[in-house]
Amino acid sequence: MLGNRKQRWLSLLLAAVLVGITACSSKNGNDETKPSASSSQPTEETSPSASDASPSASEASESPKEVVKLKFMYWGSTDEKKAMENMIKAFNDSHPYIQVTGEHVPGDYNTKMNTLMAANELPDVAYLGDGLTNQWGSEGRLLDFSQYYGQYPELQNKLKASYLYTEPGKAVANFTALEVMVLYYNKDIFAEEGIPLPPADPAKAWTWDEFVSVAKKLTKDKKGKHPDDPGFDAKNIDTYGFSFGTDRGTYGPLLESNGAGILDESGMNYALNKPEAVEVFQKLQDLIYVNHVSPNLIQQQNMPDNHVRLQTRKVAMVLDGTWALLDLTNNTKLHYGIGVLPKLKEPKTVILAGTTVVFNTTKHPAEALEFYLYHNNPEQVDLYKTGLWMPTEEKYYTDEAAIKLWTDNPAHPPEFLQAGIEYTKGYAVKSPSTKLKNWPEINSKLAPGLDLIWTNKKTAQAALDELQAQIQPLIKGKYPDE
Amino acid sequence: MRRNKSGLLRMERRWGMLLALPVTLGLLFFAIGPIVASFVFSMTDWHIGGQSSFVGLNNYETILTKDPVFTKSLFVTVYYVLATVPVAILAAFGLAMLLNRKVKGLSVFRTIFFLPSIVPRIAGTMLWLWLFNPDFGLLNSIFEYFGLPGSQWIYAEETAIPSIALMSVWGVGNYMIIFLAGLQSVPTHLYEAVEVDGGGAWRKFFHVTLPSMTPTIFFNMVMMQIGAFQSFDSVYVMTQGGPNNATLLYVVYLYRIAFTETKIGYASALSWILFVIIVALTLITFRTSRKWVYYEGGGK
């Protein structure tokens, strides 16, 4: 009998343990999605909804306002993470009634956000890629800023191009920071070859032919011969004149410069096989296979980051975004300079940046916006001075003192005033892909098709003609500009 | 005695059920639940963040009739399976034969050949990325040393799948171990009988080893086939499906649809099609196995 009772106790105990395990594991599961890097905060975390549910009377009498908890998610390098952590700490210290916890997501950020969206466990405020911002914005998942212009007038102070609208007047996001595509170069190589530096004044941008001829002078094979020299060995190139990525950061500005686009004016028709667009892709293909001034796709994939390419003289000029200033400056062995991109018809560049959004699921939109305005305020975040970011607020491009505040430092060489600020102010447009509806899906068909150009399997015309049948059905128009 | 025994049985049953509970619940909630859910999703146009509505078999229809990328990825996957499975079986079997001999330092050799399958997949993939590097990779350097032309390996459309197949074959250690176990259970009296009849090594191999090993070969083949159809990680790390979708294995395509294009409904339908394909192929393999798999006990 005793054995029997013992058994019953044991099974009860076991059942309890099991329940405990399942309960704990589900709790752990929740914790995983919660911030891990919240060093500055008490660890007793509750989600916003939970803290809403328990406003005990005694607490309320002591503190008139309940502490609002917000979650903020972001990506970025170690530097960016550090800067964000400092910013969050400063915000929490100066806003006792709002406690923000930050979560840095390394790796595949979009996948993470997608799964959180699917599980309905979104943070309050987060970085987001432009594609997802547009998609979720038009599906009503993001806070419409225009509703809060009265309450937070600062929301309107940003550069016009930094807003993402899903419907006329409905701004669902702002670029976290502005970034435009520019040309970086190794000053030493230019000095040794006795070639004048690339122009920083957008009005004096090189024509394509000027650019190619400079790139040829900079390209050298193992024996020191240039592409047009007899006996030039294209298979053993020591220094390439120029290297470029194969994504929208490269073809985007050049399309704009040539008056071309991914879609036509109406936004309903595929336009990459129009002559102006084909010209852009053909010129890029020629840089690799005809002019021999650029590494091919395979060589590129195996090359180090741009700042190392320049420093090790593997490449003399690169096309990259202004975010690269951080790495370029930190590479102390490199003397780099900034220039504007070569032009086809008009000097143009594109703004290519991620956004920060407030999700509609937030319980505290007002507090979230307060944090939103703080999180990329140049007076609070040092990422502007280190070169990673450019401000979104208009005054930082127009007001002398404000410009000085973020550019008077080693990360912004003197020519940045022209090749950075003036270029952004007068010549930068929103990346065409940012304005396209359904861009993520279009791009997942576009990129493999463009590979045929980059690998020299097809001419630009043939590859872009072939893509039409695949892309046209995916076209859903453009988003408004304001 | 009798009562005692039944008490024991009852206790065993109760404990058995209790102890099986976690696994059963796990299977129910984390496997069967999602499987059923994915089937339901496959009938909707759900994409993450959006509204979803029931669309019946639309997704399946689109996939089978209007999706050229699906066709391509299926082709790529079948190519990969055909390139991997036979070679991997031969390699694993051959290695097992070699490692079944009594030579000096046997355990060292066994460790060496088993090692690749302990190396984490991603670490192994990073290693092969370096081996495959067309400019300064080890493979091309060796080719160059012997005056042979190098290859673009995973970076060219034509050679990408064979290269990845080559890498998979490198990791056959697990299958090798299974073959090794199989080889050691081949009854020695059969070998002795061949010897008595004056048969040499070839006869031993073809008339004893190979027939006795058919169940193991069969098992490994089925497992490899399923595994190859579901390959994902190395391609995801190495090529993301490129160049020009030349390495777009089925599951990589599925992942792209689900998490880049966020079309969960469509991706669920894709996964069910893959399931049907794998089940069908496994059934075919089982059917044909009656003709060539030999069980000593006489069973099928």
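These figures come from a predicted structure and were not determined experimentally.

When its secondary structure is counted, chain B shows 13 helices and zero strands. Start at the N end of chain B and walk to the C end: the helices and strands fall as α-α-α-α-α-α-α-α-α-α-α-α-α. The C-alpha radius of gyration computed for chain B amounts to 24 Å, which surpasses the reference 19 Å derived for 300 residues by more than 25%, pointing to a less compact arrangement than a globule. Along the longest, intermediate and shortest principal axes, the C-alpha atoms of chain B span 80 × 75 × 35 Å.

Now for the interface of chain B and chain A. Of the residues lining the interface, 32 residues belong to chain B; the matching set on chain A comes to 29 residues. For the pair chain B and chain A, the summed buried surface comes to about 2600 Å²; carbon and sulfur atoms form 57% of the total. Counting the contacts that link chain B with chain A gives three salt bridges. A salt bridge links Lys445 of chain A to Glu261 of chain B; its shortest N-O distance comes to 3.7 Å. For the interface between chain B and chain A, the tally reads twelve residue pairs in polar contact (both at pLDDT 80 or more). For the side of chain B that touches chain A, the elements supplying multiple residues, two or more each, are helix H1 (2–41), helix H7 (157–170) and helix H12 (250–260) of chain B. The biggest single contributor to the side of chain B that touches chain A is H1 of chain B, with seven residues.

Right, let's talk about the environment of Val87 of chain B for a bit. One can find Val87 of chain B in helix H3 (residues 68–99). Judged by relative accessible area, which is 42%, Val87 of chain B ranks as partly exposed.

This part is about the pairing of strand E4 (residues 163–167) of chain A. Residues and elements named next belong to chain A. With respect to burial, E4 is a largely interior element, four of its five residues being buried. Note that E4 and strand E5 (residues 170–175) share four bridges and pair antiparallel. Bridge assignment links Glu167 to a residue of E5, and that residue is Lys170. Between E4 and E5, which pair antiparallel one after the other, the connecting turn spans two residues, and Gly169 there sits at a positive phi close to 85°.

All names here are of chain B. Where helix H2 (residues 58–66) contacts helix H13 (residues 264–292), the axes come no closer than 9 Å and their chain directions differ by 65°. In terms of axis orientation, H2 runs roughly perpendicular to H13. The crossing of H2 and H13 is right-handed. Counting all contacts with H2, which are made through Asn59, Tyr60, Thr62, Ile63 and Leu64, the residues of H13 involved are Gly265, Tyr266, Ala269, Leu270, Trp272 and Ile273. Here the residues of the contact of H2 with H13 are counted per class, giving eight nonpolar, three polar and no charged.

Take the UniProt feature "domain: ABC transmembrane type-1" (unreviewed entry) in chain B next. Mapped onto the present numbering, the UniProt feature "domain: ABC transmembrane type-1" (unreviewed entry) falls on residues 74–285 of chain B. As annotated, residues 74–285 of chain B comprises 76% helix and 0% strand, and the C-alpha atoms at either end are separated by 19 Å.

This next bit is on the sheet that holds strand E3 (residues 125–128) of chain A. All names here are of chain A. Ordered by their spatial adjacency, six strands build an open sheet running E2-E1-E3-E12-E5-E4, and the pairing between neighbours is mixed. With one partner strand each, in any of the chains shown, strand E2 (98–104) and E4 form the two edges of the open sheet. Strand-to-strand, the axes of this sheet are offset by a mean angle of 30°, without reference to chain direction. Both strand E1 (residues 68–74) and E3 contribute to a ladder of two bridges, which runs parallel. Paired with Phe72 across the strands is Val125, a residue of E3.

What holds strands together in a sheet is hydrogen bonding between their backbones, with the strands either parallel or antiparallel. Residue and element names in this part refer to chain A. Across the sheet, which stays open at both edges, the five strands sit in the order E7-E8-E9-E6-E10 with mixed pairing between neighbours. The two strands at the open ends of the sheet, each matched to only one other strand, are strand E7 (220–221) and strand E10 (336–339). Two elements, strand E6 (residues 181–186) and E10, share four bridges in a ladder whose sense is antiparallel. Residue pairing for E10: Tyr185 is matched across the bridge by Gly337.

Definitions and cut-offs
- Residues numbered from 1 in each chain as written.
- Chains lettered and ligands numbered in written order.
- Predicted model: local features only at pLDDT ≥ 70, side-chain atom pairs only at ≥ 80, totals over all residues.
- Heavy atoms only, no water.
- Helix = DSSP H or I, 4+ residues; strand = E, 2+ residues; numbered from the N terminus.
- Rg over C-alpha atoms; globule rule 2.2 N^0.38 Å.
- Contact = heavy atoms within 4.5 Å.
- Buried area = accessible area lost by both parts, 1.4 Å probe.
- Salt bridge = Lys/Arg side-chain N within 4 Å of Asp/Glu carboxyl O.
- Polar contact = N/O pair within 3.5 Å; in protein donor to acceptor, adjacent residues only side chain to side chain.
- Buried < 20%, exposed > 50% of the residue type's maximum accessible area, 1.4 Å probe, protein only.
- Pairing = 2+ DSSP bridges.
- Axes fitted to C-alpha atoms, helices over the stretch in contact; angles between N-to-C directions.
- Parallel < 35°, antiparallel > 145°, perpendicular 65-115°, else oblique.
- Left-handed = near helix turned anticlockwise from the far one by under 90°.
- Nonpolar A, V, L, I, M, F, W, Y, C, P; charged D, E, K, R; others polar.
- UniProt positions renumbered as here; feature names shortened; annotations may be inferred.

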